[in-house]
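Spelled out, the chains give:
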Amino acid sequence: MRRTVLVILGVFSIVAAACGQQPTGGTTFITSPAASETPVKGGTAIVAIWQEPTTLNPLYRNQTVATVVGNVVIEGLSRTNKDGEYEGELAKSIPTLANGGVRMSADGKKMEVRWELKPDIKWSDGQPLTSADITFAWQRWLEDKKVNTTTGYRDIEAIETPDPLTAIVKYKTIWGRYVTDITPLPKHLYEKEADVSRTEYSRKPVGTGPFVISDFKVGESITAERNPNYRVKDKPYLDKVIFKNVPSSQVAIAQLKAGEVHGMWNLLESEAVDLEKDANVTVFWDDSPSVERIELNTAENKDMTDPNSRHPVLGDIEVRKALLYATPKQQVIDKLLAGKVKPGNSPVSRGWAAPKGLTQEGYDPKKANDTLDRAGWTKGADGIRTKGGVRAAITITTTTGNATREKIQQVLVDDYKAVGVELKIQNMPSATLLSASWASGDPRKRGAFDLVMYGSSPGVDPAQTVTERYHSKQIPHAGNNGVGQNYTRVKNAELDKAIDDSNATLDFEKRKEAYARALKILNEQYVKIWFYDRADIDGFRKDVRGIVKNPWQEFTDNTEDWFLRK
Amino acid sequence: MTAYVARRLIQAIPLLVAISMISFAILKAVPGGPLAAYEGDPNFTEEDARRLEAAFGLDQPIHVQYLNWLARFVQGDWGYSFSSHQPVLGLILERLPNTLYLTFVVYLTVILIAVPVGILTATRQYSWFDHIVTGSTFTFLSTPTFWLGLLLILLFGLQLRWFPLGGIATPGVDFDLLDRLRHLVLPVITLALVQIGSYTRFLRASMLEVITQEFMRTARAKGLRERVVVLRHGLKNAAIPLVTVAALDLPDLFTGALVTEQIFGWPGMGRLFWDAATRADYPVLMGVLTVAAGLIVFANLVADVLYGYLDPRIRYS
């Protein structure tokens, strides 16, 4: 029952925070139907965090936990609701082509976006939020050399502010992701600082959200108190939210069970199954946009591999097909993940761009054997296949110390052996495997792997993921200093065309069609085994109400609606 | 004496420079880097990576990076964290009181227990008390602190619920002595047991050596009470090697206990270093390492000077 009406048509249904049934998935829970419970005012909710945010300032933050904590203070122009649709947060509505908020230049090469702020919004210090704060944010993001990313700001040519509530953002190009980009900054405060990164705003940023950071005890706790200038009357319900620094997720689980904290985020599937047995705790399961996958290298497994080389085993599409058929997705999910997640079919599993009806073939060892037989890979005395003197022996790499992944590897070793493919395990620390840096020797960048298993998620707008991971121009190699994330080295003219099409238009329907085409072609290349859609799991004491699970936002996105049942 | 101390201090300078150089090289040899932390963001681009490398000076050759750091450091500029962008010295000073608070209590506990126990085991050599103490101190010495810490958390924190599972105080509670003490118990036990083991054995060994000396018999022959003999004549001499050991342990007082602070979520220097290490935050790591190196060099000097002061047979020139 996922809503089919797209955001871009300008139809926004406000998701009443504390109501509604979550239709997707059989194991998703939302607390407190508003009808049956009246929110209680007051009280303090304590949330366990086991990493410490080094900075909460949106200019610099790069940790998930910084977003978890920062959410209570920082707001953007728009937000993504739990159904993957955009809605205005500080802005009245989302500007689109259809509602006239977005206008193309006559030659179709540039565009401008008209944002209208909601009236009477104040920063937590009482000063009004104005369109000048949007211009200032754009300038700061480009002037300050230490910001996390300039994506979303660097394609802006100019911003005009005809009145205090209107900002017309002019882009140099066609920029399809304009909706999710902009976070206004308090100009009246930050412009006085020579270097904002070194001020107290790192720990106590000024925002428009429901709370204000009142105390930041390093290594201990971060206290957020009610923002007296919050724009919604009578909210937030809570007086305080305290983020308590704990040594590890295990300790967070123990404290949650003991009632020392009210909630924690980011549980592993295996931890969650155990925690669910506790009668005082609600475990929220939801599908996250993250997809656990196995990627198959089609080029030679060699450091700084030549992107035009061909992998002796995986270069054969029939072998790649057979490996997909030999991968027991559902069986692994049932045995190792308590049957609570869904087998993967596509890298874009949720949101408006997710292709409908796209599937990837399931487990069928007989078909795997037949495929390899037909392709001329014959079994030797040891049960391993060879073709033209090449032995079907490959390696699989994942992050060390991840129990679930290591168990899955064991299963794969057996299942691949059953179809005549020898699999050896060769794991690495995540800091090396997933550094995504050519200089730091990420084997995916360098092409030094056969199979690699990890999880990754696209943004709600998948443009960057689809382009950087599947376009043939994005194959990292020595010649381009390792730019791009097309790790499987897949090259397909039709795939490139579909991706180019998706980036050439602002029309969401056309983009959607192009993504569906691209991802279908991608699946037909058999370079990725979409193993399962990762679950997004948080745990809360039953007395915390009003939480809405939203796969696109961290769970602290709606703290203004939280309350503690007496 | 003054000349000796001055000479040692001057010698320490090239030593510290060498240590910092080696530390820097080792940190740089670890795969990954400070930019790895940004890679989870789907919006992070190659262009962003180049810009940050330039902003952090990571695009320079490694020796230039080191010399830049050194040049600023000698002028009193400890640099800024790559992650929080806060001044490194500030980050250190912010954590230092928490570490000092923990280690001070640990040392106090160690001295209060190890000194009397060490004396008693020596004066009652081969008694049942001696056997029990010798046996258990050996066990304490051989216990890895990370294992002991986890075990204590499991038993007294999770099972019995006597003590909190970590942290320095309950968040949201104003200063409360009892609350503070409850948070202190498990980390102090974890850190103190090993130290008690080693200090007790040191004191026992040197006490035994002293007890058989001629001057002890003389003291007894003078008709002094046993208490006075043991404490004034015995302990004073037996404590000399212990003072050296204690002085050499001085740096730990400031740098904290890396693993224990991490296990107990103690917001001290050890945890600062650990967090910085996971992020390859070179300025913070270099700051902490340099403080540690400086303290070790200083503590060695203090130990040597104290030794000369306590033992008149040793003189420096």
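Cut-offs used in this document
- Residues numbered from 1 in each chain as written.
- Chains lettered and ligands numbered in written order.
- Predicted model: local features only at pLDDT ≥ 70, side-chain atom pairs only at ≥ 80, totals over all residues.
- Heavy atoms only, no water.
- Helix = DSSP H or I, 4+ residues; strand = E, 2+ residues; numbered from the N terminus.
- Rg over C-alpha atoms; globule rule 2.2 N^0.38 Å.
- Buried < 20%, exposed > 50% of the residue type's maximum accessible area, 1.4 Å probe, protein only.
- Areas by Shrake-Rupley, 256 points an atom, 1.4 Å probe, with all protein chains shown as cover.
- Lys, Arg positive; Asp, Glu negative; His and termini not counted.
- Charge placed at Lys NZ, Arg CZ, Asp CG, Glu CD.
- Core = buried A, V, L, I, M, F, W, Y, C linked by side-chain atoms within 4.5 Å.
- Contact = heavy atoms within 4.5 Å.
- Buried area = accessible area lost by both parts, 1.4 Å probe.
- Salt bridge = Lys/Arg side-chain N within 4 Å of Asp/Glu carboxyl O.
- Polar contact = N/O pair within 3.5 Å; in protein donor to acceptor, adjacent residues only side chain to side chain.
- pLDDT = per-residue confidence, 0-100.
- Phe/Tyr/Trp six-rings, centres within 6.5 Å; stacked < 30°, edge-to-face > 60°.
- Pairing = 2+ DSSP bridges.
- Axes fitted to C-alpha atoms, helices over the stretch in contact; angles between N-to-C directions.
- Patch = residues over 30% accessible without salt bridge, like charges linked within 9 Å, V, L, I, M, F, W, Y side chains within 5 Å.
- Expected span 1.5 Å × (residues − 1).

Student: It is not clear to me how the overall build of chain A should be interpreted in this structure. Could you clarify?
Tutor: For chain A, the helix and strand inventory stands at 14 helices and 22 strands. Compactness check: chain A gives a C-alpha radius of gyration of 25 Å against a globular reference of 24 Å for 566 residues, within 12% of the reference. Dimensions along the principal axes, computed over C-alpha positions, put chain A at roughly 80 × 60 × 45 Å. Here chain A holds 566 residues, and the buried ones make up 59% of them. By element, 49% of the accessible surface of chain A is carried by carbon and sulfur atoms, the whole surface being about 21300 Å². Distance from the positive charge centre (77 side chains) to the negative charge centre (74 side chains) of chain A: 1 Å.

Student: Where do I start with the nonpolar core in this structure?
Tutor: Nonpolar side chains in soluble globular proteins tend to end up buried together. Residues and elements named next belong to chain A. Counting 87 residues, the largest nonpolar core has Phe243, Ile294, Leu323, Tyr416 and Leu451 as the members making the most contacts within it. Excluding its chain neighbours within four sequence positions, the residues that come into contact with isoleucine 294 are Ile396, Leu412, Tyr416, Leu451, Val452, Met453, Val527, Lys528, Ile529 and Phe531. If you look at the next biggest cluster of nonpolar residues, it comprises 61 residues, including Trp141, Trp175, Val466 and Val527.

Student: How should I be thinking about the interface of chain A and chain B in this particular structure?
Tutor: Accessible area lost on assembly of the parts is the figure often given for the size of an interface. The partner chain B presents 40 residues to the 47 residues of chain A that form the contact. Both sides of the chain A and chain B interface together cover about 3600 Å² of buried area, and 49% of this is carbon and sulfur. For the pair chain A and chain B, the number of links is five salt bridges. Between arginine 161 of chain B and glutamate 260 of chain A there is a salt bridge, with the nearest N and O atoms lying 4.0 Å from each other. Taken together, chain A and chain B are joined by nine residue pairs in polar contact (both at pLDDT 80 or more). When residues of the side of chain A that touches chain B are assigned to their parent elements, the largest contribution, four residues, is made by helix α4 (residues 249-258) of chain A.

Student: Would you mind showing me how to read the confidence of the model for chain B here?
Tutor: Atomic detail in the predicted coordinates should be set aside for any region of low pLDDT. Residues and elements named next belong to chain B. Per-residue confidence for chain B gives a mean pLDDT of 87; residues scoring 70 or more make up 99%. Within chain B, no element has a lower average pLDDT than helix α9 (residues 226-255), which sits at 83, and none a higher one than helix α3 (residues 62-74), at 93. The ipTM assigned to the predicted complex is 0.85, against a pTM of 0.82.

Student: Whenever I open this one, the packing of aromatic side chains confuses me. Can you help?
Tutor: All names here are of chain A. The final tally for this structure, using the stated rule, is 22 aromatic pairs over all chains. When the ring of tryptophan 50 is compared with that of tryptophan 265, the centres are 4.6 Å apart and the planes differ by 35 degrees; the resulting orientation is tilted. Placement of tryptophan 50 in the loop between β1 (44-49) and α1 (64-70) and of tryptophan 265 in the loop between β11 (263-264) and α5 (269-275) is noted, with a sequence separation of 215 residues between them. With relative accessibility at 18%, the residue tryptophan 50 sits in the buried group. Residue tryptophan 265 is classed as buried on the basis of its relative accessible area of 5%. Seen from their ring centres, phenylalanine 284 and phenylalanine 540 are 5.9 Å apart, and the 90 degrees between their planes marks the pair as edge-to-face. Of this pair, phenylalanine 284 sits in strand β12 (residues 281-296) while phenylalanine 540 sits in strand β20 (residues 528-541), and the two are 256 residues apart along the sequence. The pair formed by phenylalanine 284 and phenylalanine 540 is uniform in burial state, with each residue classed as buried.

Student: Even after reading the chapter, I still don't get unusual backbone geometry, so can you show me in this structure?
Tutor: Trans peptide bonds make up the majority, and among non-glycine residues the majority have a negative phi. Cis geometry is found at the peptide bond from lysine 235 of chain A to proline 236 of chain A, where omega equals -5 degrees. On the secondary structure map, proline 236 of chain A appears in the loop between β9 (221-226) and β10 (240-245). Backbone geometry places tyrosine 526 of chain A, a non-glycine residue, at a positive phi of 55 degrees. Locating tyrosine 526 of chain A in the fold gives a position in the loop between α14 (508-525) and β20. In this structure, alanine 280 of chain B takes a positive phi of about 50 degrees despite not being glycine.

Student: Looking at this model, I keep getting lost on the pairing of β12 of chain A. Mind explaining?
Tutor: Put simply, side chains in a regular strand alternate between the two faces of the sheet. Residue and element names in this part refer to chain A. Most of β12 sits inside the fold, with 16 of its 16 residues counted as buried. Across 12 bridges, the pairing between β12 and β20 is antiparallel. Paired with glutamate 295 across the bridge in β20 is lysine 528.

Student: Help me understand the environment of arginine 565 of chain A, please; the structure alone is not making it clear to me.
Tutor: All names here are of chain A. Its location among the elements puts arginine 565 in the segment after β22 (563-564). A relative accessible area of 39% places arginine 565 in the partly exposed class. Sequence-wise, arginine 565 and leucine 451 are 114 residues apart; in three dimensions their C-alpha atoms are separated by 49 Å. Excluding its chain neighbours within four sequence positions, the residues that come into contact with arginine 565 are Glu37, Lys542, Asp543 and Arg545.

Student: Sorry if this is basic, but what is going on with the sheet that holds strand β15 (residues 385-387) of chain A here?
Tutor: In a beta sheet, neighbouring strands are held together by backbone hydrogen bonds and run either parallel or antiparallel to one another. Residue and element names in this part refer to chain A. One open sheet holds the three strands; their spatial order is β14-β15-β16, and the pairing between them is antiparallel. Both outer strands of the open sheet, β14 (378-379) and β16 (390-391), are each paired with one neighbouring strand and no more. Pairing of β15 with β16, which is carried by two bridges, proceeds in the antiparallel orientation. Within the sheet, the bridge partner assigned to threonine 386 lies in β16 and is arginine 391.

Student: Sorry, what's going on with the sheet that holds strand β7 (residues 166-171) of chain A here?
Tutor: All names here are of chain A. Spatial strand order, β4-β5-β7-β6: four strands in an open sheet with antiparallel pairing. Looking at the sheet topology across the chains shown, the edges are occupied by β4 (102-104) and β6 (156-163). Averaged over neighbouring strand pairs, the angle between their axes works out to 20 degrees when direction is ignored. Taken together, the six bridges between strand β5 (residues 111-116) and β7 define a ladder with antiparallel strand orientation. Paired with methionine 111 across the strands is tyrosine 171, a residue of β7.

Student: Explain the pattern of salt bridges to me, please; I cannot follow it from the model alone.
Tutor: Residue and element names in this part refer to chain A. Summed over all chains, the structure comprises 51 salt bridges over all chains. Between glutamate 276 and lysine 340 there is a salt bridge, with its nearest N and O atoms 3.0 Å apart. Taken as a pair, glutamate 276 in the loop between α5 and β12 and lysine 340 in the loop between α7 (329-336) and β13 (342-343) lie far apart in primary sequence, 64 residues in all. A relative accessible area of 28% means that glutamate 276 is categorised as partly exposed.

Student: Explanation requested: the environment of tyrosine 363 of chain A in the structure shown.
Tutor: Residues and elements named next belong to chain A. Among the secondary structure elements, tyrosine 363 is positioned in the loop between β13 and α8 (365-374). The class for tyrosine 363 is partly exposed, based on a relative accessible area of 32%. The sequence separation of tyrosine 363 and leucine 323 amounts to 40 residues, and the corresponding C-alpha distance is 9.5 Å. Beyond its immediate sequence surroundings of up to four residues, tyrosine 363 is in contact with Tyr325, Ala326, Thr327, Pro328, Gln331 and Asp415. Of the polar contacts made by the side chain of tyrosine 363, one reaches the side chain of aspartate 415; its length is 2.6 Å.

Student: What exactly am I supposed to notice about a nonpolar patch on the surface here?
Tutor: Residues and elements named next belong to chain B. Where nonpolar side chains cluster on the molecular surface, the patch consists of Phe146, Trp147, Leu150, Leu151, Leu258, Val259 and Trp274 and spans about 630 Å² of accessible area. Residue assignment for the nonpolar patch shows that the elements contributing at least two residues are α6 (145-159) and α10 (258-263). Considering every element that reaches the nonpolar patch, the biggest residue donor is α6, with four residues. Assignment of secondary structure puts tryptophan 274 in helix α11 (residues 269-278). Classification of tryptophan 274 by relative accessible area gives partly exposed; the value is 33%.

Student: What exactly am I supposed to notice about α14 of chain A here?
Tutor: Helical periodicity: at 3.6 residues per turn, an α-helix aligns residues three or four positions apart in one direction. All names here are of chain A. In this model, α14 (18 residues) spans 26 Å end to end at C-alpha, consistent with the 26 Å of a helix rising 1.5 Å per residue. When α14 is considered as a whole, its buried residues turn out to be Phe508, Arg511, Ala514, Tyr515, Ala518, Leu519, Ile521, Leu522, Asn523 and Gln525. Regarding α14, its N-cap is aspartate 507, as a side-chain oxygen of that residue lies 2.8 Å from the backbone nitrogen of glutamate 509 further along. Just beyond α14, the residue with positive phi is tyrosine 526, at close to 55 degrees.

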